[in-house]
Amino acid sequence: MTKVNFYDAVVFDMDGVIFDSERAVMECWIELADKYGIENIEKSCLACAGTTAQRTREIMLETYGADFPYDEYAKEASAMYHEKYDGGRLPVKPGVAELLTFLKQKGKKIALASSTRRQTVIAQLRDAGLLDYFSVVIGGDMVERSKPAPDIFLKACEELGVRPENAYAIEDSYNGIRAAYAGNLRPLMVPDLLPANDEMTELSDAVLENLIEVMLFLQEEQGHH
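Residues numbered from 1 in each chain as written. Predicted model: local features only at pLDDT ≥ 70, side-chain atom pairs only at ≥ 80, totals over all residues. Heavy atoms only, no water.

J.: Help me out: how do you make sense of the packing of aromatic side chains in this one?
T.: Given two aromatic rings, their pairing is described by the distance between the two centres and the angle made by the two planes. Enumeration over the complete set of coordinates arrives at nine aromatic pairs. The interplanar angle of 90° and the centroid separation of 5.9 Å between the aromatic rings of phenylalanine 12 and phenylalanine 134 together place this pair among those described as edge-to-face. Here the residue phenylalanine 12 occupies a position in strand S1 (residues 9-12), and phenylalanine 134 occupies one in the loop between helix H6 (118-127) and strand S3 (136-138), the gap between them amounting to 122 residues. In terms of burial, phenylalanine 12 and phenylalanine 134 fall into one category: buried. Measuring from ring centre to ring centre gives 4.6 Å for tyrosine 36 and tyrosine 73, while their planes differ by 25°; the resulting arrangement is stacked. Residue tyrosine 36 is found in helix H1 (residues 21-36), and its partner tyrosine 73 is found in helix H4 (residues 70-85); the two are separated by 37 residues along the sequence. Residue tyrosine 36 is classed as partly exposed on the basis of its relative accessible area, which comes to 35%. (Phe/Tyr/Trp six-rings, centres within 6.5 Å; stacked < 30°, edge-to-face > 60°. Helix = DSSP H or I, 4+ residues; strand = E, 2+ residues; numbered from the N terminus. Buried < 20%, exposed > 50% of the residue type's maximum accessible area, 1.4 Å probe, protein only.)

J.: How should the environment of valine 17 be read in this particular structure?
T.: Within the fold, valine 17 resides in the loop between S1 and H1. Judged by its relative accessible area of 3%, valine 17 falls in the buried class. It is 31 Å that separates the C-alpha atoms of valine 17 and glycine 65, two residues lying 48 residues apart in sequence. Excluding anything up to four places from it in sequence, valine 17 contacts Phe12, Lys93, Val96, Ile170, Glu171, Asp172 and Leu211. (Contact = heavy atoms within 4.5 Å.)

J.: In this structure, what is going on with the sheet that holds strand S6 (residues 206-207)? I would like to understand it.
T.: Two orientations exist for strands paired in a sheet by backbone hydrogen bonds: parallel and antiparallel. Pairing in this open sheet of six strands is parallel, and the strands run S3-S2-S1-S4-S5-S6 from one edge to the other. Either end of the sheet is taken by a strand with one partner, and the two such strands are S3 and S6. (Pairing = 2+ DSSP bridges.)

J.: Looking at this structure, how should I read the pairing of strand S2 (residues 109-113)?
T.: Walk down a regular strand and you will see the side chains alternate between the two sheet faces. Of all five residues making up S2, four are buried, and the element is well covered by its neighbours. For S1 and S2, the ladder comprises four bridges, and the chain directions are parallel. For phenylalanine 12, the partnering residue across the bridge sits in S2 and is leucine 112. In the sheet, S2 pairs with S3 via three bridges, with the strands oriented parallel. Its bridge partner lying in S3, leucine 112 is registered against valine 137. In the classification by handedness, the crossover that spans S2, the intervening H6 and the parallel S3 is right-handed. (Right-handed = clockwise from strand over helix to strand, strands pointing away.)

J.: For this particular structure, what's the right way to read the pattern of salt bridges?
T.: Side-chain pairs of opposite charge can arise where the charged atoms are in close proximity. Evaluation of the coordinates by the stated rule reveals 15 salt bridges. Residue aspartate 20 is joined to arginine 23 by a salt bridge in which the shortest nitrogen-to-oxygen separation is 3.3 Å. Among the ionic pairs, glutamate 199 bridges to arginine 178, the shortest N-O distance being 2.9 Å. With glutamate 199 in helix H9 (residues 198-203) and arginine 178 in helix H8 (residues 174-182), this pair connects stretches of sequence that are 21 residues apart. Since its relative accessible area comes to 31%, glutamate 199 is described here as partly exposed. Owing to a relative accessible area of 28%, arginine 178 belongs among the partly exposed residues under this scheme. A single salt-bridge network, built from bridges that share partners, covers Asp20, Arg23, Lys93 and Asp192. (Salt bridge = Lys/Arg side-chain N within 4 Å of Asp/Glu carboxyl O.)

J.: Would you explain H4 in this entry?
T.: In an α-helix, one turn spans 3.6 residues; hence positions three or four apart end up facing the same way. Given a rise of 1.5 Å per residue, 16 residues ought to cover 22 Å, and the 22 Å separating the end C-alpha atoms of H4 matches this to within 8%. Regarding H4, the residues found buried are Tyr70, Tyr73, Ala74, Ala77, Met80, Tyr81 and Tyr85. On an axial view of H4, the arc spanned by its buried residues comes to 125°, and they lie on one face. When the buried face of H4 is taken as reference, the exposed residues oriented beyond 90 degrees from it are Glu72, Lys75 and Glu83. Close packing links the buried residues of H4 with H1, helix H3 (53-64) and H6. Residue glycine 87 follows H4 closely and has a positive phi angle near 75°. (Expected span 1.5 Å × (residues − 1). Arc of directions from axis to C-beta.)

J.: Is there a simple way to think about the nonpolar core in this case?
T.: Soluble globular proteins tend to bury their nonpolar side chains together. Counting residues in each nonpolar core, the largest one holds 56 residues, and the members touching the most others are Phe12, Ile18, Trp29, Leu99, Leu125, Ile170 and Leu218. Per-element accounting of this core gives the leading share, seven residues, to H4. Setting aside its immediate chain neighbours within four residues, leucine 125 contacts Met14, Phe19, Leu112, Leu130, Leu131, Phe134 and Val137. Listed in part, the 18 residues of the second largest apolar core include Ala9, Val143, Ile152 and Ala180. (Core = buried A, V, L, I, M, F, W, Y, C linked by side-chain atoms within 4.5 Å.)

Below, the structure written as structure tokens:
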């Protein structure tokens with residue numbers, strides 16, 4: 001017997017997948033780094049990609065020392081970011097609407113699993129007119145452990161009522177792909193700031209250039225079963 005519908009759900013990361021926000025955050029930090037003379041800020045930002053605010057703080061203090069005024073800088077970076085991008089001005093990645101519409105038409109369940117706080121996630125999705133596509137939205141403040149731990153993806157699957165192995169996870173960051181893989185979902189990597197390395201190629205079902213490619217990949221999958 002052929003299984004017509006072999007994947008039930010797709011779980012999206014938000015930053016760097018739906019919104020071009022990782023780049024936007026990094027640009028704010030680069031501006032601060034110029035102002036305050038912070039070394040190697042791009043490398044540090046990349047290390048924090050996909051993790052929670054709490055984990056980002058730990059990484060920054062590990063990198064720059066315990067006396068690094070992270071909280072002040074983060075506050076300033078955040079103010080800069082909100083000033084530039086609030087109210088629906090955050091750039092959306094190409095292919096988002098097409099992919100979400102395609103999944104809706106196919107009757108797939110759609111969730112969002114972001115390390116960002118749920119309140120922020122909901123506001124940003126609403127401002128972009130995308131909130132209605134998602135039946136479940138999990139924020140980083142709803143789970144114990146940050147990505148690369150799988151908690152956030154497992155919670156999304158649990159709330160959707162699907163088995164992790166029947167869900168694809170769309171991620172851009174290394175920590176996100178590790179989390180999806182650890183949770184037994186099928187990771188699809190759409191690289192954002194960092195290209196896929198050997199580990200990412202190994203852990204992902206596929207590495208795809210953008211969300212239109214993801215849509216074509218899923219159409220193809222549908223056809224094979």
